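This is what each chain is made of:
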Amino acid sequence: MATWDDVRRIASSLPETTEKPSYDGLPAWKVRDKGFVWERPLRRADLEALGDAAPDGPILGAQVPDLGAREALLADDPAVYFTTPHFDGYPAVLVRLERIDVDELTELITEAWYARAPKRLAAAHRAGQPAG
């Protein structure tokens, strides 16, 4: 379904987005230096926590507006969205990139951008006005 090229294209289309490697050198997208989506492979602790439910394939981390939105995504489509104890109490979800379609990915990335963008920039984008 979705690919890293899709993530890059969608994220880069949003105002004032930059792609900068995360602390571990993996792709991450930021709006004014606030990360909103990033590549997030599972780590040893994640694999231990998930056990047999640990997915294979590429994993995208995405900021969400709040914990309620996070819980709604996790409940709505557990085949696509999941989390690990590392993200307990944090408004973010993990996404099985190969299981999300491009339209849903676009909505997720756009909402992640809105969750992290400065209010004026987000309002201008919602209104269809140029940034700045």
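Before any of the text, the structure's been laid out above.
Residues numbered from 1 in each chain as written. Predicted model: local features only at pLDDT ≥ 70, side-chain atom pairs only at ≥ 80, totals over all residues. Heavy atoms only, no water.

Novice: Could you give an account of the packing of aromatic side chains, naming the residues involved and the relevant values?
Specialist: All chains considered together, the criterion is met by two aromatic pairs. On the numbers, 6.4 Å between centres and 40 degrees between planes, the contact of Phe87 with Tyr90 is tilted. According to the relative accessible area criterion, Phe87 is buried, its value standing at 6%. Taking NZ or CZ as reference, Arg126 lies 3.7 Å from the ring centre of Tyr114, over its face. (Phe/Tyr/Trp six-rings, centres within 6.5 Å; stacked < 30°, edge-to-face > 60°. Buried < 20%, exposed > 50% of the residue type's maximum accessible area, 1.4 Å probe, protein only. Lys NZ or Arg CZ within 6 Å of the ring centre and 35° of its normal.)

Novice: Account for the sheet that holds strand S4 (residues 59–63), with residues named and values stated.
Specialist: Here we have six strands laid out as an open sheet, ordered S1-S2-S3-S4-S6-S5, and antiparallel in their pairing. Strand pairing shows two members of the sheet lacking a second neighbour, strand S1 (17–19) and strand S5 (81–82), which therefore form its edges. Bridge count for S4 against strand S6 (residues 92–96) is five bridges, and the pairing is antiparallel. Paired with Ala62 across the strands is Val93, a residue of S6. Where helix H1 (residues 4–12) meets the sheet, its contacts fall on S1, strand S2 (28–31), strand S3 (34–39) and S4, and the angle it forms with S2 comes to roughly 10 degrees. The strands that helix H4 (residues 102–116) touches are S1, S2, S3, S4, S5 and S6; relative to S3, the one it contacts most, it runs at about 150 degrees. (Pairing = 2+ DSSP bridges. Helix = DSSP H or I, 4+ residues; strand = E, 2+ residues; numbered from the N terminus. Contact = heavy atoms within 4.5 Å. Axes fitted to C-alpha atoms, helices over the stretch in contact; angles between N-to-C directions.)

Geometric descriptors of this kind do not, in isolation, establish any biological role.
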